[in-house]
Amino acid sequence: MEETDRAILTALTTDGRLSYTDLAEKVGLSVSAVHQRVRRLEQRGVINGYAARLRYDAVDLPLTAFVAIRPFDPSQPDDAPERLAHLPEIESCYSVAGEDFYLLLLRVAGPVDLERVLQEIRTSANVTTRTTVVLSTPYEGRAPRLTPPPAPTPGL
């Protein structure tokens, strides 16, 4: 990927609402060139969409939890994501290496809701759960490092 495209992606992951004019200024291209590059990045699937970042406590979802799941019977079909897709409290579902099969990110209003959702997860997917409640979030959704790391110094 070209350095200019990386600069565009870095700027957009920091502020997805940048105008093409502001984006062009940040990366040193004309507005039309930036517009074409962004459109190409969207068409190639590099840019997968745009979304608002919420302050979850402001929308009455102050409790965040990570829930690791594993099936009671590992020989059963691996269809937990499909069985859990109906639960809107699950923001993300990650297939993971290790003892657990999936790691779920949940956003709920409080402990009572968390308990209800955990029961629904266990019942719907026939799994055991291990829950970690988030106490605070110093940062989240940071832009990834898109510039290539510096090349190693020869001879070291």
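This is a predicted model, so every value here is computed, not measured.

(A) Structural detail: the overall build of the protein chain. The secondary structure content of the protein chain amounts to five helices and four strands. The C-alpha atoms of the protein chain give a radius of gyration of 21 Å, which is well past the 15 Å a tight globule of 156 residues would have. With respect to the principal axes defined by its C-alpha atoms, the protein chain has extents near 55 × 45 × 30 Å. Counted over contacts in the protein chain with a minimum sequence separation of 6, partners at least 24 positions apart contribute 63%. In the form shown here, the protein chain has an accessible surface area of approximately 10,600 Å², with 53% of it arising from carbon and sulfur atoms. Side chains of the protein chain carry 17 positive and 21 negative charges; the gap between the two charge centres is 6 Å.

(B) Layout of the pattern of salt bridges. The tally for this structure, following the rule as stated, stands at twelve salt bridges. Between Arg37 and Asp5 there is a salt bridge; the shortest N-O distance is 2.8 Å. Of this pair, Arg37 sits in helix α3 (residues 31-43) while Asp5 sits in helix α1 (residues 3-14), and the two are 32 residues apart along the sequence. We note that Arg37, like Asp5, is buried. Arg116 serves as the salt-bridge partner of Glu89, at 3.0 Å between the closest nitrogen and oxygen. Of this pair, Glu89 sits in the loop between α4 (80-84) and β2 (90-95) while Arg116 sits in helix α5 (residues 111-125), placing them 27 residues apart in sequence.

(C) Fine view of the packing of aromatic side chains. Per the stated rule, a full pass over the model turns up zero aromatic pairs. Taking NZ or CZ as reference, Arg142 lies 4.0 Å from the ring centre of Tyr139, over its face.

(D) Representation of the layout of surface pockets. The space that makes up the largest pocket amounts to roughly 830 Å³. Around the largest pocket, the lining comprises 29 residues; the ones closest to its centre are Thr13, Ala51, Ala52, Arg53 and Gly141. Every element with two or more residues in the lining of the largest pocket is listed here: α1, β2 and β3 (102-108). Looking at the lining of the largest pocket element by element, the count peaks at four residues for α1. Of the residues assigned to the lining of the largest pocket, the class counts are 15 nonpolar, seven polar and seven charged.

(E) How the structure looks around the sheet that holds β2. Spatial strand order, β2-β3-β1-β4: four strands in an open sheet with antiparallel pairing. Of all strands in the sheet, those bounded by a partner on one side alone are β2 and β4 (127-133). Here the average twist between neighbouring strands, direction ignored, is 20°. Two elements, strand β1 (residues 63-71) and β3, share seven bridges in a ladder whose sense is antiparallel.

Cut-off values and rules
Residues numbered from 1 in each chain as written. Predicted model: local features only at pLDDT ≥ 70, side-chain atom pairs only at ≥ 80, totals over all residues. Heavy atoms only, no water. Helix = DSSP H or I, 4+ residues; strand = E, 2+ residues; numbered from the N terminus. Rg over C-alpha atoms; globule rule 2.2 N^0.38 Å. Contact = heavy atoms within 4.5 Å. Areas by Shrake-Rupley, 256 points an atom, 1.4 Å probe, with all protein chains shown as cover. Lys, Arg positive; Asp, Glu negative; His and termini not counted. Charge placed at Lys NZ, Arg CZ, Asp CG, Glu CD. Salt bridge = Lys/Arg side-chain N within 4 Å of Asp/Glu carboxyl O. Buried < 20%, exposed > 50% of the residue type's maximum accessible area, 1.4 Å probe, protein only. Phe/Tyr/Trp six-rings, centres within 6.5 Å; stacked < 30°, edge-to-face > 60°. Lys NZ or Arg CZ within 6 Å of the ring centre and 35° of its normal. 1 Å grid on protein atoms, 1.4 Å probe; cavity = no way out; pocket = protein on both sides within 12 Å on 5 of 7 lines; lining within 4 Å. Points joined across faces, edges and corners; volume = space filled by probe spheres on them. Nonpolar A, V, L, I, M, F, W, Y, C, P; charged D, E, K, R; others polar. Pairing = 2+ DSSP bridges. Axes fitted to C-alpha atoms, helices over the stretch in contact; angles between N-to-C directions.

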